[in-house]
There are 6 protein chains.
Amino acid sequence: MRVLAIGAHPDDVEILCGGTLAKYAARGDQVTIMIATNGNVGSPVLTKEQIADVRRKEAEASAACIGADLIWMGYDDEFLFHDRQTRMAFINAIRKASPDVMFVHGSNDYHPDHRICGEIAIDCRIPVTVPLIETEYPAMARIPHVFVMDNLGGVGFEPEHYVDITDVYETKCRMIRSHASQDEWLNVQYGMDYIEFVTKMSSVRGMVIGARHAEAFRSLPAYPVMGDASLLP
Amino acid sequence: MRVLAIGAHPDDVEILCGGTLAKYAARGDQVTIMIATNGNVGSPVLTKEQIADVRRKEAEASAACIGADLIWMGYDDEFLFHDRQTRMAFINAIRKASPDVMFVHGSNDYHPDHRICGEIAIDCRIPVTVPLIETEYPAMARIPHVFVMDNLGGVGFEPEHYVDITDVYETKCRMIRSHASQDEWLNVQYGMDYIEFVTKMSSVRGMVIGARHAEAFRSLPAYPVMGDASLLP
Amino acid sequence: MRVLAIGAHPDDVEILCGGTLAKYAARGDQVTIMIATNGNVGSPVLTKEQIADVRRKEAEASAACIGADLIWMGYDDEFLFHDRQTRMAFINAIRKASPDVMFVHGSNDYHPDHRICGEIAIDCRIPVTVPLIETEYPAMARIPHVFVMDNLGGVGFEPEHYVDITDVYETKCRMIRSHASQDEWLNVQYGMDYIEFVTKMSSVRGMVIGARHAEAFRSLPAYPVMGDASLLP
Amino acid sequence: MRVLAIGAHPDDVEILCGGTLAKYAARGDQVTIMIATNGNVGSPVLTKEQIADVRRKEAEASAACIGADLIWMGYDDEFLFHDRQTRMAFINAIRKASPDVMFVHGSNDYHPDHRICGEIAIDCRIPVTVPLIETEYPAMARIPHVFVMDNLGGVGFEPEHYVDITDVYETKCRMIRSHASQDEWLNVQYGMDYIEFVTKMSSVRGMVIGARHAEAFRSLPAYPVMGDASLLP
Amino acid sequence: MRVLAIGAHPDDVEILCGGTLAKYAARGDQVTIMIATNGNVGSPVLTKEQIADVRRKEAEASAACIGADLIWMGYDDEFLFHDRQTRMAFINAIRKASPDVMFVHGSNDYHPDHRICGEIAIDCRIPVTVPLIETEYPAMARIPHVFVMDNLGGVGFEPEHYVDITDVYETKCRMIRSHASQDEWLNVQYGMDYIEFVTKMSSVRGMVIGARHAEAFRSLPAYPVMGDASLLP
Amino acid sequence: MRVLAIGAHPDDVEILCGGTLAKYAARGDQVTIMIATNGNVGSPVLTKEQIADVRRKEAEASAACIGADLIWMGYDDEFLFHDRQTRMAFINAIRKASPDVMFVHGSNDYHPDHRICGEIAIDCRIPVTVPLIETEYPAMARIPHVFVMDNLGGVGFEPEHYVDITDVYETKCRMIRSHASQDEWLNVQYGMDYIEFVTKMSSVRGMVIGARHAEAFRSLPAYPVMGDASLLP
């Protein structure tokens, strides 16, 4: 199976579905992580160019933890918009990954880049299969199934599906720690420890299914629905 | 796996999850159909006792189509209420079936018996596992996973999971036709053909997943969540 | 009465409110069909220009079935965006039709063009009446009442109003069949028969009101509400 | 047409749909007001028997304003419960009125008697048509269409339909003033003027449709849906 | 200020609002804990009478941690129902506590006793102020403000208000540990550590407001609304 | 405390939170009113430039009633869009006001400018604190708490918090009357008296909390939540 997780910033997919991706990878599925923005405002000390460069390297290290491919879109952090050029770039990138299932941000996520990134990704679900929309990569044969990822605090997010990630929790933490610059940034900006922060969500989602750690998802309900929870690892 | 479908009236589970039960049965799972009321008002010509007797025989014939067990609770049709005696009777009946997964009516179903039957069933989910609640059958070892069934017209019901029932559609129709008295009653009371009626729902649910016929479900989201769509056949 | 149905692609309004439009037309109301995109990706074999040309002719034939006017906006299929130019073009087109009631796509429709088309149309509801917004056609005297159309599979759509279209069902089918290229496209892309597909929705919506075929709508609840279901035919 | 409004207490239907009932009556429809409880705790000075007696006379006076029939159920105020006896009494009373449309309290009304009264009424919608459920009055031929009434403050109530009651506003006020004891009680208990209080709701509902006064309703969405806003006066 | 928290079982209010109660108590407010059932099925080894006795002593010890009063209703665990006798007993008990604010279980809590306990408590909100409803304790002068408590896993619960309980977290844990029998029961029945379990919820709720531990609430939106988050400690 | 109310048009914040702003100002908080568009279509007789000029003067007079600062963004009325330039302009303007709390339009407001203005404002909540996003004014130290304002008719808006504005109602009316051109425009376009119109909303919101006049709000639930109703005056 081919799996694509689309995050707005470097580290988003690690936080929201890193364990699930690790499980896919562990069983041999082909995983791609696609990142919309370059994270170029995520530093209290570096320049935009410097931090973008750091973050790309961190994203590569994180993807390498599970042998995932990385697609780096490079849009400006905090300024992702849904226009024709961006739609077309997403269509091309998704076709490159050619996924059976996609993981995307939900529509009521707290961060504008997340919300807009999720909207673009969902709006590409059908166009990626249309041959007359021509991009570098060819049209996909089949609409991918879409899972919507949880958000920070689980605000306004009612899980439909849970993935027990207890056995890959350490891998998820390794992926998270690859984003060392963000650990520092979160400490400066919000005063939080990164791993502890992430673990709060996996603990409470796990509590609901009786597991130590879990990640939570919803299927995009829109027509046509291409699969269900059995596509989860 | 052990499967229990709880309907308010004879024919409810056939309409709402008959195909799914047929798939479980076909792969060797143990299926039980539990019916709360005796259907004793469902006739324009027979007495209450006569129609209740007819309907029990029809329910037995329908269950026999897929080799399912039948639990007949015998409450008065249109007058199911949620009191202590009924709660206890449901606990005992569910323990008799001892299911891994239960199918129940949802809370916004159009018929009061459906709504109340679903409420009682859901409220028994935890008590069935409590040893100090003593009934004829012993406490179950594990809380069953609960799937909420669709309703007529799909009013206020947003499916999470779909089961493609195309290959067992004929079996579902056989189960439906076992309830011959209702075919007549629906014709007299509402002027509808039974199979055509049921097929409208399976057609539109199937349309969403690209199948000829499907049935739709939601998982009960309440803590603790014991499973997911992978428990569906 | 003047009626305007705004669809994203040629064939959308036929599928979602073709029967209702046929009823309006049959009783003498003036009906306009406005189509946002040119459908220029809807073919597995033709070029963009060729298929757009075919689809315009099909849309004209369909509108002719009920004597409706056609407004062809000509935006690129799959790439409708909500910008100032498009907003202004919609204001002008709506003023041309000068409707008492408008039918539009809902906000959680499955297709991005549908969702965005509906958003633009709704956002024009008030500006069309503002004299200082100058377009080719003059400002309308009154805000139109807005009905939101159903979607494929009825996903996330809870009907408020139903129109029994049984007596105009054949006319609706004629309108659908006018879009012959899409019948072919749906067969190639999804393997479905067009009329059968459309009939699933009208059957299940009709089931709820005891009619053979029906179409379902909601009124836009936003202030000011200009009318109600009595505006339906 | 035959119209039945079911309120939990004397004065409820006047507040929530008094204007609408006045419009029905004015055009010649047969209106019945059914009141579940006897209002026997609604006084700071009288005994239960005294205030119940006063309130029945007030209810009769109010009904007389529009020539409506009155059905007085006489349950204890604040202690309406949904049991078999009460369900049966409601079935009989509804059959007596034999309505084409019913107005009922909604499920999230602020007062337990309102919520429970609405639930019982809705749950009788189908049983009233079943011949084998025998009561003093015979089974009705057809399920009535159900409109859910607004609540105080409009909390959690999203209107679907509005009735412009500007031209019958004075009649509504006369009906309200028939409940003189409640005017006094509200002044003692909450310090409010009755007419002013009621007028706040009709003003804000009217504001949405551009009328001086309006009342707001939803159709019960449950299967089968028997009509729509065109049943409103 | 007078504060009343109403839980279905011994330990429920400690889990869901123990920290908040500790804050009220610490600032001098009068706190009462009212417990609907006697917890008499909560043991794998004791008899019903034995475990009920143990749990009452534990509840007293827990209340003593913060100097709260305890009202022990003594209904059978797992069999709380909403009937007239229970409604009246709740009215009397609430009047005894005479609260300015009440904390109650929400309507979609996972456990039937929780759901029903919350429903009864909310339905008493108005009757407690009605003089003609006579109980041992006199009618209250004012309707209390109602806060709805969170639930396990936060399923279907969208917080409106958060209370930072970091500084009373140890007190909350002491209250929880007073229920030693449940620690054992949870270990036997579900295999979980009690404090760790409770801490998952306070951690994730705290995460949203940037605190180490928090508890989450909603105000009951029903008319009349008597206060807001400023009533929280 | 520093308070920022962001309205789409001159007069929006006066209508939706004018009383609340007056209360903040009266107790010494620093209030800023920021207006996205110049209102340049709001006249039946003046040119765009003339009416924009009139409305700016009216907005200044209104702000002066409570000693508030005014930020005039000057976008074209009816044509506010969410693009990079506008996002950046909002970031800069919000930083200028540097608020602890912001009041914004909600996502389901009836007017496109309102909806889009609210979306932009909410999407700036986090970027305003990011140092690497450089604008004329420096990055803020802390994310502001966001209150979502009510809308006309309260359509789809469920209040969480109410502010009793009875004692500043006259001030609110003075602010409203400062927008004399709109009083005229509303009379011409919709036939309504401005103060009466506004008072309908404050009356019905007040009714819920037992006050003569109130304004209603929700907290933005998105992570991180920075405060609660105790931030209201």
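In this text the structure is predicted, and so the values were computed from the model without any measurement. (Residues numbered from 1 in each chain as written. Chains lettered and ligands numbered in written order. Predicted model: local features only at pLDDT ≥ 70, side-chain atom pairs only at ≥ 80, totals over all residues. Heavy atoms only, no water.)

Draft legend 1. Broad picture of the overall build of chain A. Scanning chain A for helices and strands turns up seven helices and seven strands. The order of helices and strands in chain A, counted from the N terminus, is β-α-β-α-β-α-β-α-β-β-α-α-α-β. A compact globule built from 233 residues should have a C-alpha radius of gyration of about 17 Å, and chain A, at 17 Å, falls within 12% of that. Along the three orthogonal principal directions, the C-alpha set of chain A runs to about 50 × 45 × 30 Å. Within chain A, the fraction of its 233 residues that count as buried is 67%. Long-range pairs, those at least 24 residues apart, make up 78% of the contacts in chain A with a sequence separation of at least 6. Summing over all exposed atoms, chain A offers an accessible surface of approximately 7400 Å²; the carbon and sulfur share of this is 49%. Between the mean site of the 21 positive side-chain charges and the mean site of the 32 negative ones, chain A shows a separation of 4 Å. (Helix = DSSP H or I, 4+ residues; strand = E, 2+ residues; numbered from the N terminus. Rg over C-alpha atoms; globule rule 2.2 N^0.38 Å. Buried < 20%, exposed > 50% of the residue type's maximum accessible area, 1.4 Å probe, protein only. Contact = heavy atoms within 4.5 Å. Areas by Shrake-Rupley, 256 points an atom, 1.4 Å probe, with all protein chains shown as cover. Lys, Arg positive; Asp, Glu negative; His and termini not counted. Charge placed at Lys NZ, Arg CZ, Asp CG, Glu CD.)

Draft legend 2. Here's a closer look at the interface of chain A and chain B. Chain A puts eleven residues into the contact, and the matching count from chain B is eleven residues. A combined buried area of about 1100 Å² lies between chain A and chain B, and 59% of that area is made up of carbon and sulfur atoms. Counting the surface chain A buries against chain B, the share from its top three residues, A:Glu160, A:Val208 and A:Val225, is 38%. Counting across the interface, chain A meets chain B through zero salt bridges. Seen at the junction of chain A and chain B, the total is two residue pairs in polar contact (both at pLDDT 80 or more). Secondary-structure elements contributing two or more residues to the side of chain A that touches chain B are strand E6 (161–164) and helix H7 (194–209) of chain A. (Buried area = accessible area lost by both parts, 1.4 Å probe. Salt bridge = Lys/Arg side-chain N within 4 Å of Asp/Glu carboxyl O. Polar contact = N/O pair within 3.5 Å; in protein donor to acceptor, adjacent residues only side chain to side chain.)

Draft legend 3. View of the interface of chain A and chain F. Every contact between the two is made by 24 residues of chain A and, on the other side, 21 residues of chain F. For chain A, the biggest contributors to the area lost against chain F are A:Phe79, A:Phe81 and A:Tyr110; these three give 32% of the whole. Inspection of the region where chain A meets chain F yields three salt bridges. Taken together, the connections running from chain A to chain F amount to three residue pairs in polar contact (both at pLDDT 80 or more). Those elements that provide at least two residues to the side of chain A that touches chain F are helix H2 (48–65), helix H4 (112–124) and helix H6 (180–189) of chain A.

Draft legend 4. Focus on the relation of the copies chain A and chain B. For these two chains of identical sequence, chain A goes onto chain B by a turn of 180° and a shift of 0.0 Å along the axis, with RMSD 0.0 Å. This pairing of chains is accounted for by a two-fold axis. The fraction of interface residues of chain A whose copies in chain B are also interface residues reaches 100%, indicating that both copies meet through the same surface. (Least-squares fit on C-alpha atoms with pLDDT ≥ 70 in both.)

Draft legend 5. Quick peek at helix H7 (residues 194–209) of chain D. Residues and elements named next belong to chain D. End to end, H7 covers 24 Å across 16 residues, agreeing with the expected 22 Å (1.5 Å per residue, within 8%). Buried residues dominate H7, accounting for 14 of its 16 residues. Residue Asp193 occupies the N-cap position of H7, its side-chain oxygen lying 3.5 Å from the main-chain nitrogen of Ile195. Of the residues trailing H7, Gly210 is marked for its positive phi of about 75°. (Expected span 1.5 Å × (residues − 1).)

Draft legend 6. Examining the arrangement of the chains more closely. Separated without contact, chain A and chain D have their nearest C-alpha atoms at a distance of 18 Å. If you take every C-alpha in chain B and every C-alpha in chain F, the smallest gap between them is 18 Å, and the two do not touch.

Draft legend 7. Representation of the relation of the copies chain A and chain F within the structure. It takes a turn of 120° to lay chain A on chain F, together with a shift of 0.0 Å along the axis; the resulting RMSD is 0.0 Å. The superposition operator between the copies reduces to a three-fold rotation axis.

Draft legend 8. Geometry of the sheet that holds strand E3 (residues 69–75) of chain C. Residue and element names in this part refer to chain C. Read across the open sheet, the seven strands follow the order E3-E2-E1-E4-E5-E7-E6; overall the sheet is mixed. Since the sheet does not close on itself, it has two edges, and those belong to E3 and strand E6 (161–164), each with one partner. Looking at each pair of strands side by side, their axes are set apart by 25° on average, direction ignored. Bridge count between strand E1 (residues 2–7) and strand E4 (residues 101–104): three bridges; the pairing is parallel. Note on E4: the bridge partner recorded for Ala5 is Phe103. Where helix H2 (residues 48–65) meets the sheet, its contacts fall on strand E2 (30–37) and E3, and the angle it forms with E3 comes to roughly 160°. The strands touched by helix H4 (residues 112–124) are E1, E2, E4 and strand E5 (145–149); relative to E4, the strand with the most contacts, the crossing angle is about 155°. (Pairing = 2+ DSSP bridges. Axes fitted to C-alpha atoms, helices over the stretch in contact; angles between N-to-C directions.)

Draft legend 9. Here's a closer look at the packing of helix H5 (residues 169–178) of chain B against helix H7 (residues 194–209) of chain B. Residues and elements named next belong to chain B. Between H5 and H7, the shortest axis-to-axis distance is 10 Å and the interhelical angle comes to 135°. In terms of their interaxial angle, H5 and H7 are classed as oblique. As H5 runs across H7, the sense of the crossing is right-handed. Facing H5, whose interface residues are Tyr169, Lys172, Cys173, Ile176 and Arg177, H7 presents Tyr194, Ile195, Val198, Thr199 and Ser202. In terms of residue class, the contact of H5 with H7 is built from six nonpolar, two polar and two charged. (Parallel < 35°, antiparallel > 145°, perpendicular 65-115°, else oblique. Left-handed = near helix turned anticlockwise from the far one by under 90°. Nonpolar A, V, L, I, M, F, W, Y, C, P; charged D, E, K, R; others polar.)

Draft legend 10. The arrangement of the side chain of D:Ser203 in detail. Tracing the chain through its elements places D:Ser203 in helix H7. Only 2.8 Å separates the side chain of D:Ser203 from the backbone oxygen of D:Thr199, close enough to count as a polar contact. Beyond its immediate chain neighbours, meaning those up to four positions away, D:Ser203 contacts D:Arg212, D:His213 and F:Lys200.

Draft legend 11. View of the side chain of D:Asp77. Residue and element names in this part refer to chain D. Within the secondary structure layout, Asp77 lies in the loop between strand E3 (69–75) and helix H3 (84–97). Within the structure, Asp77 has its side chain in polar contact with the side chain of His9 (distance 3.0 Å). Dropping the residues within four chain positions of it, Asp77 is found in contact with His9, Thr37, Asn38, Gly39, Asn40, Val41, Gly42, Arg55 and Asp113.

Draft legend 12. Layout of the confidence of the model for chain A. Per-residue pLDDT for chain A averages 95, and the proportion of residues at 70 or more is 100%. Interface confidence for the predicted complex, given as ipTM, is 0.95, next to a pTM of 0.97. (pLDDT = per-residue confidence, 0-100.)

Draft legend 13. Representation of the pairing of strand E7 (residues 214–219) of chain E in the model. Residue and element names in this part refer to chain E. The element E7 is largely enclosed, with a buried count of five among its six residues. Note that strand E6 (residues 161–164) and E7 share four bridges and pair antiparallel. What sits directly across from Tyr162, in E7, is Ala216.

Draft legend 14. Here's a closer look at the packing of aromatic side chains. Summed over all chains, the structure comprises 36 aromatic pairs over all chains. What links up through ring pairs into an aromatic cluster is the set A:Tyr24, A:Phe103, A:Phe147 and A:Phe217. One Lys or Arg, E:Arg84, reaches over the ring of D:Phe79 and ends 4.4 Å from the middle of that ring. (Phe/Tyr/Trp six-rings, centres within 6.5 Å; stacked < 30°, edge-to-face > 60°. Lys NZ or Arg CZ within 6 Å of the ring centre and 35° of its normal.)

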